[in-house]
Amino acid sequence: MLEYSLEIKDMNVAYQKKPVLRNISFKVPKGKLIGIVGPNGAGKSTLIKAALGLIPSLSGEVYIHGQTYKAQRKQVGYVPQRESVDWDFPTNALDVVTMGRYGHLGWFKRPGKKEKEIAMHCLEQVGMDAFANRQISQLSGGQQQRVFLARALAQDASLYLMDEPFVGVDAATEKAIITLLDNLKSKGKTVLVVHHDLATVKEYFDWVMMLNVELMDVGPTEEIFTHENLQRTYGGRLSLLDKKTLH
């Protein structure tokens, strides 16, 4: 029997009475790398935030491995958009990553030596161990993104939701992120990534979700990422996109 990492049923979200997501329902099998694509204002980030309960939805049910999100919260790792984070907060990279262990500790335990070792190992995995004691405000954009990926790794989740992790990063960081995603997939983890670069969809993701307020299509990239579906999703804006998209 096929196991679904994430299932969303009949999700509707509106801002000031304007629909942002309409009648969204889908299932994602375990162990897939899924790119979420669509034009600006399509509801991509909203979908992730609503699934996590970070913003209210008018309706909708979210299931993680067949159970409610509330019951499975520890199984979900989240990487927010970099611009939504207060990078002036006085803390260093190691402490940020250690925060990813809090779900394993319970409310009243403080992270000890074991948690710090796990956090350090996660920083190593993203090539940031040399910056463990550096204040996050002193890191470059790409370095900050790697620290947040390391924090998600420290959660040791089975499902990861990442909101535009490739935006504003250098080529080396982009390569490091892809290596990390592939490693997560090889361990049977499921990763959904809000993504804007259509030229790399086929290279990076084995599944793709095409969204424009409504769900246009979702499934294996080679089947779903077609010119017809791109036209349906982007409409007249498609002519402005990179012609290499489908090659």
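Residues numbered from 1 in each chain as written. Predicted model: local features only at pLDDT ≥ 70, side-chain atom pairs only at ≥ 80, totals over all residues. Heavy atoms only, no water.

Let me state the cut-off plainly: UniProt positions are given in the numbering used here, feature names are shortened, and annotations may be inferred rather than shown by experiment.
An unreviewed UniProt entry annotates the protein as Metal ABC transporter ATP-binding protein of Paenibacillus albiflavus. The heading Sequence similarities (unreviewed entry) in the UniProt record of the protein holds the text "Belongs to the ABC transporter superfamily."

**Regarding the pairing of strand β10 (residues 214–220)**
Counted only if it meets this: Pairing between strands requires that DSSP locate at least two bridges from one strand to the other. Helical segments are the DSSP runs of H or I of at least four residues, strand segments are the runs of E of at least two, and each set is numbered from the N terminus.
For strand β9 (residues 207–212) and β10, the ladder comprises six bridges, and the chain directions are antiparallel. Paired with N212 across the strands is E214, a residue of β10. The loop that links β9 with its antiparallel partner β10 comprises one residue; one of these, V213, has a positive phi angle of about 65°.

**Side note on unusual backbone geometry**
Heads up, the rule is: Relative accessibility decides the category of a residue: with a 1.4 Å probe and only protein chains considered, values under 20% of the type maximum give buried, values over 50% give exposed, and everything between is partly exposed.
Of note in this structure, E164 is not a glycine but carries a positive phi near 55°. Counting through the fold element by element, E164 comes out in the loop between β7 (159–163) and α6 (171–186). With a relative accessible area of 17%, E164 lands in the buried category.

**Some thoughts on the nonpolar core**
We apply this condition: Side-chain atoms within 4.5 Å link the members of a nonpolar core, which is a set of buried Ala, Val, Leu, Ile, Met, Phe, Trp, Tyr and Cys residues. Contacts were defined at the residue level, with two residues in contact if any of their heavy atoms lie within 4.5 Å.
If you look at the biggest cluster of nonpolar residues, it comprises 46 residues, and the most contacted ones within it are V97, L123, V147, M162, L181, V191 and M210. Top contributing element to this core by residue count: helix α5 (residues 141–154), with seven residues. In this view, V191 contacts K32, L33, I34, Y160, M162, L181 and L184; residues no more than four positions away in its chain are not counted. Within the second largest apolar cluster, 28 residues are counted, among which are F26, I64, L161 and L211.

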